[in-house]
Amino acid sequence: MSEGKCTQLEVEEPLQDAGSGWIKIRYIQIVLLFFLLVITLNMRLCLSVGIVAMTTNGTSSNPDVPYYEWDNSNIILSSFYWSYAVLQFVAGNFIHKFGTKKILFIATFMNALSSAMIPMMAKHAGANGVMALRVIQGLFQGFLLPCMNGVLGRWLPPHELSSCSSVVFAGFQVGAILSSVITGYLSASSWGWPAAFYLFALLGFVWCIFWMVFSAETPAAHSSISIEERKYIEHSLGQQNDHLLDEKSIPWRNIMRSVPYWAIIIAAIGESWTTTFLTAELPSYLSYVVGLNIKDSSLFTAAPTVGALIGSLFYSPIAGYTIKKGWITTRSSRRIFQGFSMFSVSIGFLFLTYLEDRVFIAILLISSYTASSAVTSGHLVNLVDLSPRYAAILSGISNGIGQLIAIFAPILVHFIVVDEGDRFSWRYTFLLSAIIGSVTALVFIMFCSAERQWWDDVDKIKMERKTKEAKSKEGQSNPGFEESEVAC
């Protein structure tokens, strides 16, 4: 009896977050994920600015920098998302089987290699060669978000989720800022647009080295983590006995029947569409309709993203603090920030094509982008609320569906905007994006939840059931033992 009490105390005793001073191993993982987003976003988005330089004569101060007479720029931009969307449906299965460390290394390495090859392929294979490499990049970047959510689900105590995830997802804004500014600057310089692809490739290779040295699959697998920090993380997530599980299955039926998860999927569709539309098409709109040159266009794209970066570091701490203080429930917080983000972006879409003054355009873009980053405290983090254990799988499916539909954003522009200088044609595409963003936000607000779903512990439930059945059978086969116990 006393032995049983000791076991109970060992499990439920509050643990202190001790470690190596203020440098926690879990925070190192957060920093690595932040730079991963920065670098891979640069690889993904640099073509949105670079395509203008690649297809326009005279953008570089060096006349020897090549340019190409391609008339399918929007199709080239969309090629990244062809494979990016599809692979995410199965990315969770790969992660569940092989883990996040190996997959993130391979994915980043292949993206860096493809980025370095784009200038050569553009010269020797034309637009089709560039699209082939973009498909490869999309294929491997399809692993990134599911892997990142898997790392967050394994490394972050629940009360740190909002604040730490805001640091990670700030990489979206930092990557977008650097991509616009650096690509625009290099494209206009004597180095020309190829330099941007080489630079981002180099950064990707460097990140791979740091990742292999300082990362680990789980707290228990990290060689440098303190025992106190490891136990603190595992106990806060209820994962201290995961190594005892005989099998680690995926409760597919329960996941696909979860209404709160479908609310996240719908929200992901709206966020993916509006983000893809902006990142892929805004530089073209500013260049051909507003009349900005490539340098000014890149600055107009980057400046609002600075606002989004500030917003992302502002919203998440507020969300975490208000939840911790009990001023607002987690569910209400997710609903408020998701709605504020998507409704603000939608309003910005409605007004943008009616503005001609560049100052007002800049103010509108900065306001909309700043509000859009509130989504990091909405459906993006809600995945980990529902299921820390299966966050990678949930992320892969929801983001995969979102990106699969978002593929049609640049394709739609290609068919609707026949004349890229026609403001009225662009207006239809912005209106459609505003409707998609608003409707999907409403669905999320009505049906989301922040409760950890019961099926997140389905393997533990199965293990406990098997243990009880085994004990029951053992007791039935030894009736004499039961009688001696009663006699005692």
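Preceding block: the structure.
Residues numbered from 1 in each chain as written. Predicted model: local features only at pLDDT ≥ 70, side-chain atom pairs only at ≥ 80, totals over all residues. Heavy atoms only, no water.

Draft legend 1. Just the pattern of salt bridges, in detail. Counted by the stated rule, this structure contains 5 salt bridges. The closest approach of N and O atoms between E229 and R26, which form a salt bridge, is 3.1 Å. With E229 in helix α8 (residues 227-237) and R26 in helix α2 (residues 25-54), this residue pair connects regions lying 203 residues apart in the sequence. The two residues E229 and R26 agree in class, both being buried. Two residues, R230 and E234, come together in a salt bridge whose shortest N-O distance is 3.2 Å. Within this pair, R230 and its partner E234 are both found in helix α8, separated by 4 residues, close to a single helical turn. Owing to a relative accessible area of 10%, E234 belongs among the buried residues under this scheme. (Salt bridge = Lys/Arg side-chain N within 4 Å of Asp/Glu carboxyl O. Helix = DSSP H or I, 4+ residues; strand = E, 2+ residues; numbered from the N terminus. Buried < 20%, exposed > 50% of the residue type's maximum accessible area, 1.4 Å probe, protein only.)

Draft legend 2. Layout of the packing of helix α3 (residues 73-98) against helix α4 (residues 100-141). At a minimum axis distance of 12 Å, the contact between α3 and α4 shows a crossing angle of 160 degrees. Here α3 lies roughly antiparallel to α4, going by the angle between them. The handedness of the crossing between α3 and α4 is right-handed. Within the contact between the two elements, α3 uses I75, I76, S79, F80, W82, S83, Y84, L87, F94, I95 and F98 and α4 uses T100, K102, I103, A127, V130, M131, R134, V135, Q137, G138, L139 and Q141. (Axes fitted to C-alpha atoms, helices over the stretch in contact; angles between N-to-C directions. Parallel < 35°, antiparallel > 145°, perpendicular 65-115°, else oblique. Left-handed = near helix turned anticlockwise from the far one by under 90°. Contact = heavy atoms within 4.5 Å.)

Draft legend 3. Representation of the side chain of S165. Mapping S165 onto the fold places it in helix α6 (residues 161-188). A residue is classified by how much of its surface remains accessible, and S165, at 0% relative accessible area, is buried.

Draft legend 4. Examining the packing of aromatic side chains more closely. Applying the stated rule across the entire model yields 21 aromatic pairs. Plain terms: the ring middles of F94 and F143 are 5.9 Å apart, the flat faces sit at 90 degrees to each other, and that makes the pair edge-to-face. Residue F94 is found in helix α3, and its partner F143 is found in the loop between α4 and α5 (144-155); the two are separated by 49 residues along the sequence. Judged by relative accessible area, which is 37%, F94 ranks as partly exposed. Here the aromatic rings of F169 and F172 are separated by 5.9 Å at their centres, their planes lie at 10 degrees, and the arrangement is stacked. Taken together, the residues F169 and F172, both in helix α6 and 3 residues apart, mark about one turn of the helix. F169 gets classed as buried once you look at its relative accessible area, which sits at 1%. Taken together, the ring pairs connect F277, Y285, F349, W426 and F430 into an aromatic cluster. A cation sits over an aromatic face here: R427 above Y354, 3.8 Å from the ring centre. (Phe/Tyr/Trp six-rings, centres within 6.5 Å; stacked < 30°, edge-to-face > 60°. Lys NZ or Arg CZ within 6 Å of the ring centre and 35° of its normal.)

Draft legend 5. Main features of the packing of helix α12 (residues 330-352) against helix α14 (residues 379-386). In the contact formed by α12 and α14, the axes pass within 10 Å of each other and the chain directions differ by 160 degrees. On the basis of their axis angle, the class for α12 and α14 is roughly antiparallel. The handedness of the crossing between α12 and α14 is left-handed. On the side of α12, the interface is formed by T330, R334 and Q338, while α14 contributes H379, V381, N382 and D385. Looking at the contact of α12 with α14 residue by residue, the classes come out as 1 nonpolar, 4 polar and 2 charged. (Nonpolar A, V, L, I, M, F, W, Y, C, P; charged D, E, K, R; others polar.)

Draft legend 6. Summary view of a nonpolar patch on the surface. On the surface, a nonpolar cluster with roughly 570 Å² of combined accessible area is contributed by L202, V206, I209, F210, V213 and F214. Judged by relative accessible area, which is 55%, I209 ranks as exposed. (Patch = residues over 30% accessible without salt bridge, like charges linked within 9 Å, V, L, I, M, F, W, Y side chains within 5 Å. Areas by Shrake-Rupley, 256 points an atom, 1.4 Å probe, with all protein chains shown as cover.)

Draft legend 7. Local environment of helix α17 (residues 423-447). For α17, spanning 25 residues, the distance from its first C-alpha to its last is 37 Å, which sits close to the expected 36 Å at 1.5 Å a residue. One side-chain oxygen at the N-terminal end of α17 lies 3.2 Å from the backbone nitrogen of F424; it belongs to D422. (Expected span 1.5 Å × (residues − 1). Polar contact = N/O pair within 3.5 Å; in protein donor to acceptor, adjacent residues only side chain to side chain.)

Draft legend 8. Inspection of the environment of N62 at higher detail. Note that N62 resides in the loop between α2 and α3. For N62, a relative accessible area of 24% gives the class partly exposed. Once the C-alpha coordinates of N62 and A188 are considered, the two residues, 126 residues apart in sequence, prove to be 8.4 Å apart. Once you skip the residues sitting within four places of it in the chain, N62 turns out to touch S189 and S190.

Draft legend 9. Main features of the nonpolar core. Counting 68 residues, the largest nonpolar core has L33 and W70 as the members making the most contacts within it. No other element matches the 16 residues that α2 contributes to this core. Setting aside chain neighbours within four positions, we find W70 in contact with I51, M54, T55, I76, A122, G126, A127 and V130. The next biggest cluster of nonpolar side chains, apart from the first, holds 25 residues, and it includes W273, F300, I361 and I436. (Core = buried A, V, L, I, M, F, W, Y, C linked by side-chain atoms within 4.5 Å.)

Draft legend 10. Spatial organisation of helix α10 (residues 259-290). Its 32 residues give α10 an end-to-end C-alpha distance of 43 Å, which sits within 8% of 46 Å, the value for a rise of 1.5 Å per residue. Remark: the principal bend of α10, roughly 45 degrees, maps to E281, with a proline, P283, within the next four residues. The buried count for α10 comes to 26 of 32 residues, which makes it a mostly enclosed element. Following α10 by one or two positions, G291 adopts a phi angle in the positive range, close to 90 degrees. (Bend = angle between axes of the 7 residues up to and from the residue.)

Scope: geometric values only; no functional claims are made or implied.
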